[in-house]
Amino acid sequence: MNHRTVFFVSDQTGVTAETMGHSLLTQFDGVQFRPVTLPFVSTLDKAAEAARRINLSAQTEDMRPIVFSTLVQDDLRAVVKQADGLFLDFFDAFLGPLESELAVRSSHTSGRAHSMSDLKAYTTRINATNFALASDDGAGARDYEHADVILIGVSRSGKTPTCLYLALQYGVFAANFPLTDDELESGALPAQLRPHQRKLFGLTIKPERLQQIRNERRPDSRYASAQQVQYELRTALALFDRSGVPYLDTTECSIEEISSRILDRTGIERRVRP
């Protein structure tokens, strides 16, 4: 397998460079990438140090690294661009065409993508995250009237991480409720959920994958047994169908995809955007 070092260079956190760069790199099979993030490259000295590290990598590995950059300032970009690497700068690629189309000069202000400049949006994300934490695993049922969505499903089907992602990324107030043996045996929605049935969204998962996840948590237990897993998933699906609860199979989905599909199918509004 080919190996290649990849630098993510930014004058702030590096999140944008990492996200966009990673999305491009996923298209290349058969190459193993070694990521190196260089955040807060905000001075000429730091830019020169970043260029030195890129050059050192090229010399050591006898192959120039790939450099994804989100440097806003032209002088910093020019320094790093001189390094011995394949330099791909997202701002350099897109700001020029946007300036031409909009007939407006960009501000060249760093840090706007992941800053607290929009205090209202930032506060919304924090409040939504606190709500998700307070409403995890059936807690905080009295506040379900404030929820945008309530995820239900068996244990380890992806409810908690999805709630937190919805909150942090989109400001969505998401709660989750686990379907335990008691709820499944009754064959009906728990009393706490019935007044909020229109907010319910189910998560399910393939039995083999769920058993693998549970075995990592509690090996050789009834909780992780094939029989228990198959029973819970089969009964939960029957409950979803009987109660008219929409649901999604999370087996092959990332948290990002699960969240996006939930928003798409429910029509819930994104209060904030990444």
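Residues numbered from 1 in each chain as written. Predicted model: local features only at pLDDT ≥ 70, side-chain atom pairs only at ≥ 80, totals over all residues. Heavy atoms only, no water.

Brief notes about the overall build of the protein chain
For the protein chain, the helix and strand inventory stands at ten helices and eight strands. For 274 residues, the compact-globule formula gives about 19 Å, and the C-alpha radius of gyration of the protein chain, at 24 Å, lies well above that figure. The C-alpha extent of the protein chain, read off along each of the three principal axes, is 70 × 45 × 30 Å. Taken over 274 residues, the protein chain has a buried fraction of 41%. Within the protein chain, counting contacts between residues at least 6 apart in sequence, those at least 24 apart form 71% of the total. Roughly 15300 Å² of accessible area belongs to the protein chain as shown, and the carbon and sulfur atoms make up 50% of that amount. Each charge class in the protein chain can be summarised by its mean position, and for the 31 positive and 35 negative side chains these summaries are 3 Å apart. (Helix = DSSP H or I, 4+ residues; strand = E, 2+ residues; numbered from the N terminus. Rg over C-alpha atoms; globule rule 2.2 N^0.38 Å. Buried < 20%, exposed > 50% of the residue type's maximum accessible area, 1.4 Å probe, protein only. Contact = heavy atoms within 4.5 Å. Areas by Shrake-Rupley, 256 points an atom, 1.4 Å probe, with all protein chains shown as cover. Lys, Arg positive; Asp, Glu negative; His and termini not counted. Charge placed at Lys NZ, Arg CZ, Asp CG, Glu CD.)

Focus on the pairing of strand β1 (residues 2-10)
A regular strand carries its side chains on alternate faces of the sheet. Note that β1 and strand β2 (residues 31-38) share eight bridges and pair parallel. What sits directly across from T5, in β2, is R34. (Pairing = 2+ DSSP bridges.)

With respect to helix α10 (residues 255-266)
Taking 1.5 Å per residue as the helical rise, α10 with its twelve residues ought to reach 16 Å, and the 16 Å between its terminal C-alpha atoms agrees with that figure. Listed in full, the buried residues belonging to α10 are I258, S259, I262 and L263. Mapping the buried residues of α10 onto a view down its axis gives an arc of 130°, with all of them on the same face. Looking at the buried side of α10, the elements it contacts are β5 (149-153), α6 (159-170), β7 (200-204) and β8 (247-249). Of the residues one or two after α10, G267 is the one with positive phi, at around 75°. (Expected span 1.5 Å × (residues − 1). Arc of directions from axis to C-beta.)

Structural measurements only, silent on function.
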